Amino acid sequence: MTYRERLYAPPLWWAAGMLFAAVWGWLLWVATSVLIAVVATVAAAILMAALLIGYGRLLVIVDDNELRIGRAHIDARFLRAPQALDAAGLQVAMGPGANALAFVRTRPYIKTGVRVALDDRRDPAPYWLVSTRRPEALVHSIGAAMVQTGDRNADREGTCG
């Protein structure tokens, strides 16, 4: 495996979620009973934790064969021209420069990303756009996987021809 990054919601988001649960419980405590308030607070905290874990967690992996973002994956032979994006570049790529067919896995709490063009006729997505805290390292790993896959494809073409 050449690259692995786990994206997760920052502590501030967790604090905001638990504050939401506490405020919800306090409002219910004022309006109803302590039991209802406690149950509602616990339920809201569990709901917020589930949302933060489910939405906030994303695994980005590049190995010799493929790029994996969450459950989605694509063979490295279809990847072209990975591009590191700073905060302004990612904002443009998600706004005025966006393509509605693109595969996008970004998180609002991560300001940098990578855009990878695709060369797969069967895939309607022109590119993948992903958040990352280390865009240069991800671009380097994708480039290495593309070279590895290209070498294997060249070997296969040489033996079959």
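Scroll up to find the structure this text is about.
What comes next is a walk through the structure. (Residues numbered from 1 in each chain as written. Predicted model: local features only at pLDDT ≥ 70, side-chain atom pairs only at ≥ 80, totals over all residues. Heavy atoms only, no water.)

1. Topic: the pairing of strand S8 (residues 127-131)
Taking burial as the measure, the 5 residues of S8 include 5 buried ones, the bulk of the element. Both faces of S8 are covered, namely the face carrying Tyr127, Leu129 and Ser131 and the face carrying Trp128 and Val130. Examined bridge by bridge, strand S6 (residues 103-105) and S8 share 3 bridges and lie parallel to one another. Directly across from Val104, in S8, lies its bridge partner Leu129. (Buried < 20%, exposed > 50% of the residue type's maximum accessible area, 1.4 Å probe, protein only. Helix = DSSP H or I, 4+ residues; strand = E, 2+ residues; numbered from the N terminus. Pairing = 2+ DSSP bridges.)

2. Things to note about the pattern of salt bridges
With the rule as written, the count across this model stands at 4 salt bridges. A salt bridge links Arg77 to Asp75; the nearest nitrogen and oxygen atoms lie 3.5 Å apart. The partner of Asp120 in a salt bridge is Arg122, and the shortest N-O contact between them spans 3.6 Å. On the basis of relative accessibility, which here comes to 15%, the residue Asp120 falls in the buried class. (Salt bridge = Lys/Arg side-chain N within 4 Å of Asp/Glu carboxyl O.)

3. Things to note about the nonpolar core
Membership of the largest hydrophobic core comes to 26 residues, with the highest contact counts inside it found for Leu67, Leu79, Leu138 and Ile142. Elements supplying a minimum of two residues to this core: strand S1 (3-7), strand S2 (58-62), strand S3 (66-69), strand S7 (113-118), S8 and helix H4 (135-160). The element best represented in this core is H4, accounting for 4 residues. If sequence neighbours within four positions are ignored, Leu138 has contacts with Tyr3, Val60, Val62, Val114, Val130 and Thr132. Ranked by size, the runner-up nonpolar core spans 6 residues in total, among them Leu85, Ala93, Tyr127 and Leu129. (Core = buried A, V, L, I, M, F, W, Y, C linked by side-chain atoms within 4.5 Å. Contact = heavy atoms within 4.5 Å.)

4. Structural notes on the packing of aromatic side chains
Taken as a whole, this structure holds 2 aromatic pairs when the rule is applied. Judged by centre distance (5.0 Å) and plane angle (75 degrees), the rings of Trp13 and Tyr109 are edge-to-face. A residue pair is termed long-range when its members are at least 10 positions apart, and Trp13 in helix H1 (residues 11-31) and Tyr109 in the loop between S6 and S7 qualify at 96 residues. The interplanar angle of 40 degrees and the centroid separation of 4.3 Å between the aromatic rings of Phe103 and Trp128 together place this pair among those described as tilted. Placement of the pair is Phe103 in strand S6 and Trp128 in strand S8, with a sequence separation of 25 residues. Across the ring face of Tyr8, the terminal group of Arg133 is positioned such that the distance to the ring centre comes to 4.9 Å. (Phe/Tyr/Trp six-rings, centres within 6.5 Å; stacked < 30°, edge-to-face > 60°. Lys NZ or Arg CZ within 6 Å of the ring centre and 35° of its normal.)

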